[in-house]
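Residue-level structure breakdown
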Amino acid sequence: MRNWQKYIGIIIPLLVVAGLMLYPTVTGKAAARETAFTILKAIALASSLNILLGYTGYVSFGHIVFFGFGGYVGFYLLSSQGASLWIAILAGGLSSGILAFLLGKAILRLRGAYFALATIGVNEAMKAFINNFDLFGGPTGITLNFKTYLAYGGASKALEMAFFIVGGLACLAIIMSYVIRTSKFGLGLLAIRENEDAAEVMGVIAPDAKTWAYVLSAIIPGMIGVLFFFKNGNVEPHDAFPLHASIELLVMVMLGGQGTVLGPILGAFAYQGMRGYLVTSDFFKDIQLSVSGALLLIIVLFIPAGAVGWLRKRSELLRRVLA
Amino acid sequence: MTLLLQVQGVTKRFGGLQALTQVTFDLPAGEIFGLIGPNGAGKTTLFNTINGVYHPEEGRIVFQGKDVTKMKPYYLAKMGMARTHQIVRPLNELTVRENVMVGACFGHENQHLASAAKIADEVLDFVKLSSRADQLAGSLNVAQKKRLEMARALASHPRLLLLDEVLAGLNPSEIDGMIQMILDIRTQGVTIIMIEHLMKAVMNVSDRILVLDYGEQIAEGNPKEIASDPKVIEAYLGDPKLAERLMEDD
């Protein structure tokens, strides 16, 4: 019983993912798998961003750069170098991790709004670079030869496989988030979030801890990028580095509760659900992003801790159950 | 007697402001060393220079025989230096226990989470905050936050403890408790430098005292010498009778 209680903080999030993975099979609709894919992708990305935003307290407005960059690298290997999907996904994660490491050394010394602005700059600079980088197809991007899918049993089988991989990556992101949250490394990150100077005085080597948090938050997005473009069959600069997607990720993390394991998962779920409704409604379909903006404003003003954070503050029992 | 800390000719400037001028003192292990002076004399700046938050323009700081003049605060923490802040810096959204665990995990002894939790509970017991262990640090009052600062510093099991006005803002009974705590810490073998405005406390607790005025070291000696030093009386104590009374109390 005790042990079971101890791990409930990871059990609930994993059950959510398991539910999402079963949902298309249960309903038997093709559209359901598309919806579940989008939500699982959002969960993986939001949980990754949470390592930097929620645990370390550094707001990144350009986190999608890791999705795009890793995606491009992996997709290039897949389409032009004949690498397998697995190798491509690993390469995507690795290259995003390396990019984060180098960026971290350069911009993580900035604090608050300055760091946030720098991350936007990085995303736009990367987009401009890829646009002019002929190896990656420049502005027209790269298109996958349809034959590539044959190695995975044809396009429809490949799509099904992509769905299970995204579920796996979402689980991986959640487990990573939980392990960090409950580790000594994570305690150091939380200390940096609360007061970086005080943390340094207590012996937290903040520059290193921040860099590793940035690297860990970049790996899964890079892998997801490869998978997403594999599933789409092509990649273009404006699909790879959409700034609004970065902001949507922020809304998800803030909505669900930054700094908690479950928060970004619920946030991703709720936001994608809302978005799905908005883009199909006649009235909202063109102003869907303004609704996200308004939502972010409301969260920051009234429930800055997000839904899970709000609940955790309410009772000690919930504080123990909700990691 | 071994020297734990040597401060040699330390000078610190902020633009045109001379914050510290040629400050020099040796600190043997086991002492309680008082640091006094009027507001703006450079006491906290000296702390910040000793623990690596600032780096001095001139001079050397030697801690445990090693030149640490250009070292970052976190390396000094790992070498066994801990401090409290005049303006408390609690990690508000973490619990009191987690705050103290940060000190134990990342400070001098680099403990694992489990052993850090144990140390945290012991230290919280010592500073009488055990009943608040699961509360968020942000919800404590000022006196409790000061004890939390102390607990975080102690949890690292430091060699040298820098206390920056831990008595300020406390009521008389809280002051007595805190002074007793400082004396208990010393008996555990921790060397202490304390900045304090409360003269009675400094005079009674310190083995030696250094007086700063406008960043210059105007006197150094045992409490008796300091209380009768004409320069100190003029710059800081004001009334010579007051100085005598401070010594006679208790």
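Residues numbered from 1 in each chain as written. Chains lettered and ligands numbered in written order. Predicted model: local features only at pLDDT ≥ 70, side-chain atom pairs only at ≥ 80, totals over all residues.

Below, the discussion takes up the overall build of chain B. On a plain count of helices and strands, chain B comes out with 10 helices and 10 strands. A compact globule built from 250 residues would reach a C-alpha radius of gyration of about 18 Å, and chain B, at 18 Å, matches this within 12%. Seen through its C-alpha atoms, chain B measures out along the principal axes to roughly 50 × 40 × 35 Å. Burial statistics for chain B: of 250 residues in total, 47% are counted as buried. (Helix = DSSP H or I, 4+ residues; strand = E, 2+ residues; numbered from the N terminus. Rg over C-alpha atoms; globule rule 2.2 N^0.38 Å. Buried ≥ 20, exposed ≤ 12 C-beta atoms within 10 Å, placed from the backbone.)

Our focus in this paragraph is unusual backbone geometry. Residues and elements named next belong to chain B. Positive phi, close to 50 degrees, is recorded for N110, a residue that is not glycine. Of note in this structure, Y214 is not a glycine but carries a positive phi near 45 degrees. Assignment of secondary structure puts Y214 in the loop between β9 (208-213) and β10 (216-221).

Next up on the list: the domain arrangement of chain B. Residue and element names in this part refer to chain B. Domain boundaries assigned for chain B yield domain 1 (3-80 + 159-248) and domain 2 (88-158). With 13 residues of domain 1 at the interface, the matching set in domain 2 holds 12 residues. For the side of domain 1 that touches domain 2, the secondary-structure elements that each account for two or more residues are α2 (73-79), β7 (160-164) and α6 (172-187). Counting residues per element, the side of domain 1 that touches domain 2 draws most heavily on α6, at three residues. (Domains from an automatic or database assignment. Contact = placed C-beta atoms within 7 Å.)

Another aspect to go through is the nonpolar core. A:L40, A:I43, A:V204, B:V102, B:A151 and B:I192 are the most contacted members of the largest nonpolar core, which has 175 residues in total. Top element by residues in this core is helix α10 (residues 206-232) of chain A. It accounts for 17 residues. For this core, the two domains that each supply at least three residues are domain 1 (3-80 + 159-248) and domain 2 (88-158) of chain B. Contacts of A:V204, omitting those with residues within four sequence positions, involve A:G188, A:A191, A:I192, A:A199, A:A209, B:Y74, B:V102 and B:F106. (Core = buried A, V, L, I, M, F, W, Y, C linked by C-beta atoms within 7 Å.)

Turning our attention to the interface of chain A and chain B. Many descriptions give the size of an interface as the accessible area lost when the pieces come together. Counting residues at the interface gives 15 residues for chain A and 22 residues for chain B. Of all the secondary-structure elements, those providing two or more residues to the side of chain A that touches chain B are α8 (184-194) and α9 (196-201) of chain A. No other element matches the six residues that α8(A) contributes to the side of chain A that touches chain B. Among the residues forming the side of chain A that touches chain B, the class breakdown is nine nonpolar, three polar and three charged. (Nonpolar A, V, L, I, M, F, W, Y, C, P; charged D, E, K, R; others polar.)

Residues with a pLDDT of 70 or more make up 95% of chain B, whose mean pLDDT is 91. Predicted complex metrics record ipTM = 0.90 and pTM = 0.92. (pLDDT = per-residue confidence, 0-100.)

Another aspect to go through is the packing of α8(A) against helix α3 (residues 96-106) of chain B. At a closest axis distance of 10 Å, the pairing of α8(A) and α3(B) adopts a crossing angle of 115 degrees. Once α8(A) is placed against α3(B), the crossing between them reads as left-handed. Of the residues in α3(B), those touching α8(A) at A:K184, A:L187, A:G188 and A:A191 are B:E98, B:M101, B:V102, B:C105 and B:F106. Of the residues belonging to the contact of α8(A) with α3(B), the class tally is six nonpolar, one polar and two charged. (Axes fitted to C-alpha atoms, helices over the stretch in contact; angles between N-to-C directions. Left-handed = near helix turned anticlockwise from the far one by under 90°.)

Before going further, it helps to spend a moment on the pairing of strand β2 (residues 17-28) of chain B. Residue and element names in this part refer to chain B. Pairing of strand β1 (residues 3-14) with β2 involves eight bridges; the strand directions are antiparallel. Within β2, the residue paired with F14 across the bridge is L17. With antiparallel pairing between neighbouring strands as the criterion, β1 and β2 make up a hairpin whose turn holds two residues, including G15 at a positive phi of roughly 60 degrees. (Pairing = 2+ DSSP bridges.)

This part takes up the pairing of β1(B). With five bridges joining them, β1(B) and strand β4 (residues 58-63) of chain B adopt antiparallel strand pairing. By the bridge assignment, B:Q8 is partnered in β4(B) with B:R60.

In this section: the packing of α3(B) against helix α4 (residues 113-126) of chain B. Residue and element names in this part refer to chain B. Following both chains from N to C, one finds α3 and α4 inclined at 115 degrees, their axes separated by 8 Å at the closest point. Considering how the two elements wind past one another, α3 and α4 form a crossing that is right-handed. Contact residues: α3 offers V96, R97, V100, M101, A104 and C105, while α4 offers L113, A116, A117, I119, A120, V123 and L124. Within the contact of α3 with α4, the residues separate by chemical class into 12 nonpolar, no polar and one charged.

It is worth spelling out the environment of A:V201 at this point. Its place among the elements puts A:V201 in helix α9. Take A:V201: there are 29 C-beta atoms within 10 Å of it, and that puts it in the buried class. The contact partners of A:V201, leaving out residues within four places of it in the chain, are B:N51, B:P73, B:A77 and B:R83.

Okay, helix α9 (residues 230-237) of chain B next. Residues and elements named next belong to chain B. If you check which residues of α9 are buried, you get V232, Y236 and L237. Axial view of α9: buried residues confined to an arc of 65 degrees, hence all on one face. For α9, exposure combined with an orientation more than 90 degrees from the buried face picks out P230, K231 and E234. Phi for G238, located one or two positions after α9, is positive at around 80 degrees. (Arc of directions from axis to C-beta.)

On to helix α13 (residues 262-280) of chain A, then. Residue and element names in this part refer to chain A. Its 19 residues place the ends of α13 28 Å apart at the C-alpha level, agreeing with the 27 Å of an ideal helix rising 1.5 Å per residue. Turning to α13, its buried residues number three or more, namely L262, G263, P264, I265, L266, G267, A268, F269, Y271, Q272 and R275. In the core, the buried residues of α13 are packed alongside α2 (8-27), α3 (30-56), α7 (155-181), α12 (243-256), α14 (288-302) and α15 (306-314). (Expected span 1.5 Å × (residues − 1).)

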